[in-house]
Amino acid sequence: MAAIGEHLANCPECHQLFHEIFQQRRNYAPVVIDLSPEKWLRDEHLDYEWLTAYVDDAMEKDEREMTEVHLRLCGQCREEVEDFIAWRREFE
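Residues numbered from 1 in each chain as written. Predicted model: local features only at pLDDT ≥ 70, side-chain atom pairs only at ≥ 80, totals over all residues. Heavy atoms only, no water.

A few points about the overall build of the chain
Here comes step 1: The helix and strand inventory of the chain stands at six helices and zero strands.
Here comes step 2: Traced from its N-terminal end to its C-terminal end, the chain shows the element sequence α-α-α-α-α-α.
Here comes step 3: The globule rule puts the C-alpha radius of gyration for 92 residues at 12 Å, and the 22 Å found for the chain is more than 25% above it.
Here comes step 4: Each principal axis of the C-alpha atoms in the chain carries an extent, and together these give about 70 × 25 × 20 Å.
Here comes step 5: Of all 92 residues assigned to the chain, the portion counted as buried reaches 20%.
Here comes step 6: Here the analysis covers contacts within the chain between residues at least 6 apart in sequence; of these, 58% occur between residues at least 24 apart.
Here comes step 7: One way to put it: in the chain the 10 positive side-chain charges average out to a point 6 Å from where the 22 negative ones average out. (Helix = DSSP H or I, 4+ residues; strand = E, 2+ residues; numbered from the N terminus. Rg over C-alpha atoms; globule rule 2.2 N^0.38 Å. Buried < 20%, exposed > 50% of the residue type's maximum accessible area, 1.4 Å probe, protein only. Contact = heavy atoms within 4.5 Å. Lys, Arg positive; Asp, Glu negative; His and termini not counted. Charge placed at Lys NZ, Arg CZ, Asp CG, Glu CD.)

Here's what the structure looks like:
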């Protein structure tokens, strides 16, 4: 991939061909890069340590905010948090 990228950067003909084919395949729609947390956090699931830190309120502010964004999007992790809280209450 690096060699291809380097070639495209240094070969105007191939760069133009790549650009034309890329645009055709996207039906000339604009390219949008979305770096919002909702997009890049949706597939990151909570592991046990992260889950316990969240429930114990033992996270830094930014980690907690990222976790809450993920929990709004991910029913699986939301359910795991709820189950863990219920288990903890039962255990206590």
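Text resumes after the structure shown.
Quick look at the side chain of glutamine 23
Here comes step 1: Mapped onto the elements of the fold, glutamine 23 is located in helix 2 (residues 12-25).
Here comes step 2: Residue glutamine 23 is classed as buried on the basis of its relative accessible area, which comes to 17%.
Here comes step 3: Among all residues touching glutamine 23, those that are not within four sequence positions of it are Tyr28 and Ala29.

A short note on the pattern of salt bridges
Here comes step 1: Scanning the entire structure with this criterion turns up four salt bridges.
Here comes step 2: Linking glutamate 65 and lysine 61 is a salt bridge whose minimum nitrogen-to-oxygen distance equals 3.7 Å. Residue glutamate 65 and its partner lysine 61 are both found in helix 5 (residues 61-73); the two are separated by four residues, about one turn of the helix.
Here comes step 3: Measuring nitrogen to oxygen at the nearest pair gives 3.4 Å for the salt bridge that ties arginine 64 to glutamate 68. Placement of both arginine 64 and glutamate 68 in helix 5 is noted, with a separation of four residues, approximately one turn of the helix.
Here comes step 4: Residue glutamate 68 is classed as partly exposed on the basis of its relative accessible area, which comes to 30%.
Here comes step 5: Taken together, the shared-partner salt bridges connect Asp57, Arg64 and Glu68 into one network. (Salt bridge = Lys/Arg side-chain N within 4 Å of Asp/Glu carboxyl O.)

Remarks on the nonpolar core
Most often, soluble globular proteins keep nonpolar side chains buried together rather than apart.
Here comes step 1: Within the largest apolar cluster, 10 residues are counted, these being Leu46, Leu51, Ala53, Tyr54, Met59, Leu71, Cys74, Cys77, Val81 and Phe84.
Here comes step 2: Going through the elements one at a time, helix 4 (48-55) and helix 6 (75-91) are the ones with two or more residues in this core. (Core = buried A, V, L, I, M, F, W, Y, C linked by side-chain atoms within 4.5 Å.)

Here's the deal with a negative patch on the surface
Here comes step 1: Taken together, the side chains of Glu79, Glu80, Glu82 and Asp83 define an acidic patch exposed on the protein surface.
Here comes step 2: Given the relative accessible area of 49%, glutamate 82 is considered partly exposed. (Patch = residues over 30% accessible without salt bridge, like charges linked within 9 Å, V, L, I, M, F, W, Y side chains within 5 Å. Areas by Shrake-Rupley, 256 points an atom, 1.4 Å probe, with all protein chains shown as cover.)

Quick notes on the packing of aromatic side chains
Here comes step 1: Within the structure shown, the criterion is met by four aromatic pairs.
Here comes step 2: Judged by centre distance (6.0 Å) and plane angle (90 degrees), the rings of tyrosine 48 and phenylalanine 84 are edge-to-face. Taken as a pair, tyrosine 48 in helix 4 and phenylalanine 84 in helix 6 lie far apart in primary sequence, 36 residues in all.
Here comes step 3: A relative accessible area of 52% places tyrosine 48 in the exposed class.
Here comes step 4: Linked through ring pairs, Tyr48, Phe84, Trp87 and Phe91 together constitute an aromatic cluster. (Phe/Tyr/Trp six-rings, centres within 6.5 Å; stacked < 30°, edge-to-face > 60°.)

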